[in-house]
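# Summary of the model geometry
What follows is each chain in one-letter form.
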Amino acid sequence: MAPAHVLRCCQRVLGWIPVLFITLVVCWSYYAYVLELCIYTIRSDTEKVIYLVFFHIFFILFVWSYWKTIFSCPANPSKEFCLSKSDKELYEKEERQEYQQEILRRAAKDLPIYTTTATNAIRYCERCQLIKPDRCHHCSTCDVCVLKMDHHCPWVNNCVGFSNYKFFLLFLMYSLLYCLFIAGTVLQYFIRFWTVRICYCVIVLH
């Protein structure tokens, strides 16, 4: 069996495939809209300018928000939530859960924690070895605890959490506006293209 770090490395590399796919789709849409539609198809200079100006506004906002969502760290718990060396040693040596909870309660007494488990236990991450703040969850893909974790999004290869949640929502909004603008401005040329093709096919068949 392959070592864990090799599997983790392969997982990180494969995680960029959806991002690469989105990047290729965006590059193709830029080529198709700017060159094929605006430069080669539209004859009115005024219409070209209007379409290109608004297209680039939506395009820049979309790319910027996507970039920020990917490369903004979603935020991890601060060092104050980590157990001290002595508490960590006591916790690891102790096998009884009730005494482990006593160690965690003592360590968490001055921390801003209000959420506990269903059994009123302190939430502790064995993997990161820290007391979990409220709404903090461990991401199995990133292998870290994330503050205010929403989910791990494969399309951005990153967790959506405290620090990049705003950028993720902006990314969704700008991608919707980007798609609606392209669909709205391309529709008449799409219909015209297929109308001409169908008429041509009918003439050829007759």
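Residues numbered from 1 in each chain as written. Predicted model: local features only at pLDDT ≥ 70, side-chain atom pairs only at ≥ 80, totals over all residues. Heavy atoms only, no water.

Our focus in this paragraph is the overall build of the chain. When you go through the chain residue by residue, the secondary structure sums to 6 helices and 6 strands. Scanning the chain from its N terminus toward the C terminus, one meets helices and strands in the order α-α-α-α-α-β-β-β-β-β-β-α. Relative to the globule expectation of 17 Å for 206 residues, the C-alpha radius of gyration of the chain, 26 Å, shows a markedly less compact shape. Projected onto its principal axes, the C-alpha positions of the chain cover 85 × 40 × 25 Å. Burial statistics for the chain: of 206 residues in total, 34% are counted as buried. Pairs at least 24 residues apart make up 52% of the contacts formed inside the chain by residues separated by at least 6 positions. Carbon together with sulfur atoms contributes 66% to the accessible area of the chain, which is approximately 14000 Å² in total. Averaging the positions of the 21 positive and the 16 negative side-chain charges in the chain gives two centres separated by 7 Å. (Helix = DSSP H or I, 4+ residues; strand = E, 2+ residues; numbered from the N terminus. Rg over C-alpha atoms; globule rule 2.2 N^0.38 Å. Buried < 20%, exposed > 50% of the residue type's maximum accessible area, 1.4 Å probe, protein only. Contact = heavy atoms within 4.5 Å. Areas by Shrake-Rupley, 256 points an atom, 1.4 Å probe, with all protein chains shown as cover. Lys, Arg positive; Asp, Glu negative; His and termini not counted. Charge placed at Lys NZ, Arg CZ, Asp CG, Glu CD.)

With respect to the element layout, Q100 can be found in helix α5 (residues 97-108). Take Q100: its relative accessible area is 15%, and that puts it in the buried class. Leaving out residues up to four positions away in the same chain, Q100 has contacts with Y91 and E94.

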